[in-house]
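Chain by chain, the residues run as shown.
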There are 2 protein chains.
Amino acid sequence: MSLDRYPRGVLVPALTPFHADLSVDEDRLVAHCRWLLDEGANGLAVFGTTSEANSLSTGERMAALERLIEGGIPPGVLMPGTGCCALPDTVALTRHAAAHDCFGVLMLPPFYYKGVSDDGIFATIAEVIERVGNRRLRIYLYHIPALAGAGFSLPLIERLLTEYPGVVAGLKDSSGDWKNTQALLAAFPGFEVFPGSETYLLDGLRLGGAGCISATANVHVGAIRALVEAWETPAADAMQQQLTAVRAAIEKFPLVAANKAILAELRDASGWAVVRPPLRPLAAEARERLFAALDALRFPLHTPHSMA
Amino acid sequence: MSLDRYPRGVLVPALTPFHADLSVDEDRLVAHCRWLLDEGANGLAVFGTTSEANSLSTGERMAALERLIEGGIPPGVLMPGTGCCALPDTVALTRHAAAHDCFGVLMLPPFYYKGVSDDGIFATIAEVIERVGNRRLRIYLYHIPALAGAGFSLPLIERLLTEYPGVVAGLKDSSGDWKNTQALLAAFPGFEVFPGSETYLLDGLRLGGAGCISATANVHVGAIRALVEAWETPAADAMQQQLTAVRAAIEKFPLVAANKAILAELRDASGWAVVRPPLRPLAAEARERLFAALDALRFPLHTPHSMA
């Protein structure tokens, strides 16, 4: 696939590590993001669902983003999540990301009120774009209706693309509905569609998709990147099969807790398992079942890794 | 009913008026709250769902609360909503409300992540209580599963009452499920249960309920208060019937927009109709249907009112 000036391929919604007192462990976050890039991540969709971003205050999110950049993570690979329930929060986070030269932002629709109209979501995105007023702003729409209770329909996307060409740049499709991803790819050529799981990576790439943004990339981004590089080779289908099996094994468990449990094991660092309420860490019994399933798939759970 | 030292009866989730630029119209908010108290509100559950509180930043919510108190609204009648997705935000708002001597706070569970466990919600509320560390804190749980995607089960409430007696003081039941309200009233005598609609006011009072916290109280709090006063008289059932009919007429429409449209009409102030995205104002045609339905119920839509 052609990697143009914006990151495509595998983008990682980096997990947010916490100290025991539940404050953000910024040092460990920087180290994790650096490791993800070293292992092959094309970009980092920090502060997404998997990052527990909606459990962070806007102040914590801005501080952590600044820390990542100070820590040497290039803003040109960063696509921070900025969509909140409250318009002023979304504006503040988006303005902050654009001011720090992040290549794009991933924008949830407001997610408290249910049954909102396409017109109401359009008005939200339009207000954000007008208020941020940064011509370099690139917005990726975050379609995850099961959590947000609101999403981006095809007519709404068309309206946004017509009104804000170049600004509304793409979409993460976490609907889990491959038919929706297909419809998006067919309807909007050039619009950067990232399925929200590596399960649809190969199918997506074959239809012109931009790659994937996947929670489980936190624990095996190298294998996903390998498929991004090899998708046109005869090995691609077997590689996809293995990725799909690993994903299926992990997503039997709550995704954030499961990913953090795996990282705690990989790093031999129990602090990685800490989640913020309302999420809970994986119970010991679930962890053992998860690890057994991964071992059966020859997932390198016990290989020594360089980073702590 | 006995009104003890905490407000019971009808509590109003006061609408939040906006200027044309979508900033909070604090002057109009103060005037509205004063009018609600003059008309008979027993308390004000400001910054609830009807207040579009989840479309406000924490800074806007704290500034508006301070303005209400400076404007003469007694903190002893105030039960601000403080439950956010992010623990630090919930802690900040709750601490702020307690520091300003509000009699209680109305606490949503974190509402982004779905399928969270009772244990995760318990951990959230417990963290807030421990971090706020104010012995006068009185928390009212906000059970509105259709919007929050998470709620307070009976076993969870029991656990909270056991762990934090006196702190966890009551619950607003916006499930719309009368069987749930009945179960709460039966299970926890003395726990202050407020149905989330005046439709269940009389039934609730007869079973020991604390009153109601209702969106539509924004536009006819006097009539609801009259039933609070008269619920043991022979007139009560007819009064309830009329309240129920008015509520049914209004809730055929999106509640926030409908209430704001009615206030715009009552006050002859079109600015009242402004909502923040993702909500949208009522379309002219819907407004006419709503007003016709209210006229048919002899709802005093065109009576001159004293406040602008």
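What this report covers is the structure whose coordinates are included nearby. Worth saying up front: this structure is predicted, and the values here are computed from it rather than measured.

### Focus on the overall build of chain A
- Each helix and strand in chain A was counted, giving 12 helices and seven strands.
- Relative to the globule expectation of 19 Å for 308 residues, the C-alpha radius of gyration of chain A, 18 Å, shows essentially globular dimensions.
- By principal-axis analysis of the C-alpha atoms, chain A measures approximately 50 × 50 × 35 Å.
- Expressed as a percentage of the 308 residues in chain A, the buried residues total 60%.
- In chain A, the proportion of contacts linking residues at least 24 apart, taken out of those at least 6 apart, comes to 72%.
- When the accessible surface of chain A is split by element, carbon and sulfur atoms take 53% of a total near 11,300 Å².

### Considering the relation of the copies chain A and chain B
- With an axial shift of 0.0 Å and an RMSD of 0.0 Å, the rotation relating chain A to chain B amounts to 180°. Such a combination of rotation and displacement between the chain copies is what one expects of a two-fold axis. Relative to the rotation axis, the C-alpha of tyrosine 112 of chain A is the closest in chain A, positioned 3.9 Å from it.
- Both copies share a contact surface, since 100% of the interface residues of chain A are interface residues in chain B too.

### Re the sheet that holds strand β2 (residues 43-44) of chain A
- Spatial strand order, β2-β1-β7 (chain A): three strands in an open sheet with parallel pairing. Each end of this open sheet is capped by a strand with a single partner; those strands are β2 and β7 (211-213) of chain A.

### A few points about helix α3 (residues 87-99) of chain B
Residue and element names in this part refer to chain B.
- When the terminal C-alpha atoms of α3 are compared, their 18 Å separation across 13 residues agrees well with the 18 Å that a helix rising 1.5 Å per residue should span.
- Among all positions of α3, only Leu87, Asp89, Thr90, Val91, Leu93, Thr94, His96, Ala97 and Ala98 are buried.
- Looking at the packing, one finds that the buried side of α3 touches α2 (58-70), β3 (105-107) and α4 (118-132).
- Looking at the residues trailing α3, positive phi occurs at aspartate 101, about 65°.

### Looking at the packing of aromatic side chains
- The full count for this structure, using the stated rule, is 14 aromatic pairs over all chains.
- With 5.6 Å between their ring centres and 5° between their planes, tryptophan 178 of chain A and tyrosine 200 of chain A make a pair best called stacked. One end of the pair, tryptophan 178 of chain A, is in helix α7 (residues 178-187); the other, tyrosine 200 of chain A, is in the loop between β6 (192-195) and α8 (201-206), with 22 residues separating them in the sequence.
- Tryptophan 178 of chain A sits in the buried class, given a relative accessible area of 19%.
- Ring pairs connect the aromatic residues Phe111, Tyr112 and Tyr113 of chain A together with Phe111, Tyr112 and Tyr113 of chain B, which therefore count as one cluster.
- The aromatic ring of phenylalanine 122 of chain A is capped on one face by arginine 159 of chain A, whose charged end is 3.7 Å from the ring centroid.

### Re the environment of glutamate 60 of chain A
- With respect to the helices, strands and loops of the structure, glutamate 60 of chain A is situated in helix α2 (residues 58-70).
- The buried category is assigned to glutamate 60 of chain A, whose relative accessible area is 19%.
- In sequence terms glutamate 60 of chain A and glutamate 26 of chain A are 34 residues apart; their C-alpha atoms lie 9.9 Å from each other.
- Apart from residues lying up to four places away in sequence, glutamate 60 of chain A is in contact with Val24, Ser55 and Arg276 of chain A together with Pro88 of chain B.

### Description of the nonpolar core
- In terms of nonpolar packing, the biggest core is built from 224 residues, with Leu141 and Ile262 of chain A together with Leu141 and Ile262 of chain B touching the most fellow members.
- Excluding anything up to four places from it in sequence, isoleucine 262 of chain B contacts Val219, Ile250, Leu290, Phe291, Leu294, Phe299 and Leu301 of chain B.

### Here's the deal with the sheet that holds strand β2 (residues 43-44) of chain B
All names here are of chain B.
- Taken together, the three strands give an open sheet; going across it, the order is β2-β1-β7, and neighbouring strands pair in parallel fashion. Looking at which strands have only one partner, the edges of the open sheet turn out to be β2 and β7 (211-213).
- Of the pairings in the sheet, the one linking strand β1 (residues 9-12) to β2 comprises two bridges and is parallel in character. By the bridge assignment for β2, valine 12 is matched with leucine 44.
- Strands β1 and β7 of the sheet are contacted by helix α9 (residues 217-230), whose axis makes an angle of about 170° with β1.

### Some details on the interface of chain A and chain B
- Taken together, the contact pairs 40 residues of chain A with 40 residues of chain B.
- Both sides of the chain A and chain B interface together cover about 3,100 Å² of buried area, and 65% of this is carbon and sulfur.
- Among the residues of chain A in contact with chain B, Tyr112, Tyr113 and Pro278 of chain A are the three that bury the most area, contributing 26% of the side total.
- The tally of links between chain A and chain B comes to two salt bridges.
- Its salt-bridge partner being aspartate 119 of chain A, residue arginine 280 of chain B comes within 3.3 Å of it at the nearest N-O pair.
- One can count 13 residue pairs in polar contact (both at pLDDT 80 or more) joining chain A with chain B.
- When residues of the side of chain A that touches chain B are traced back to their parent elements, those giving at least two are α3 (87-99), α4 (118-132) and α5 (145-148) of chain A.
- Per-element tally for the side of chain A that touches chain B: the top contributor is α4 of chain A, with six residues.
- A per-class count over the side of chain A that touches chain B returns 22 nonpolar, eight polar and 10 charged.

### Notes on the pairing of strand β5 (residues 168-173) of chain B
Residues and elements named next belong to chain B.
- Burial within β5 is extensive, with six of its six residues counted as buried.
- Inspection of the sheet shows β5 paired to strand β6 (residues 192-195) by four bridges, in the parallel sense. Each residue of the ladder has a partner; that of leucine 171, found in β6, is valine 193.
- Between the parallel elements β5 and β6, the chain passes through helix α7 (residues 178-187) in a crossover that is right-handed.

Cut-offs applied
- Residues numbered from 1 in each chain as written.
- Chains lettered and ligands numbered in written order.
- Predicted model: local features only at pLDDT ≥ 70, side-chain atom pairs only at ≥ 80, totals over all residues.
- Heavy atoms only, no water.
- Helix = DSSP H or I, 4+ residues; strand = E, 2+ residues; numbered from the N terminus.
- Rg over C-alpha atoms; globule rule 2.2 N^0.38 Å.
- Buried < 20%, exposed > 50% of the residue type's maximum accessible area, 1.4 Å probe, protein only.
- Contact = heavy atoms within 4.5 Å.
- Areas by Shrake-Rupley, 256 points an atom, 1.4 Å probe, with all protein chains shown as cover.
- Least-squares fit on C-alpha atoms with pLDDT ≥ 70 in both.
- Pairing = 2+ DSSP bridges.
- Expected span 1.5 Å × (residues − 1).
- Phe/Tyr/Trp six-rings, centres within 6.5 Å; stacked < 30°, edge-to-face > 60°.
- Lys NZ or Arg CZ within 6 Å of the ring centre and 35° of its normal.
- Core = buried A, V, L, I, M, F, W, Y, C linked by side-chain atoms within 4.5 Å.
- Axes fitted to C-alpha atoms, helices over the stretch in contact; angles between N-to-C directions.
- Buried area = accessible area lost by both parts, 1.4 Å probe.
- Salt bridge = Lys/Arg side-chain N within 4 Å of Asp/Glu carboxyl O.
- Polar contact = N/O pair within 3.5 Å; in protein donor to acceptor, adjacent residues only side chain to side chain.
- Nonpolar A, V, L, I, M, F, W, Y, C, P; charged D, E, K, R; others polar.
- Right-handed = clockwise from strand over helix to strand, strands pointing away.

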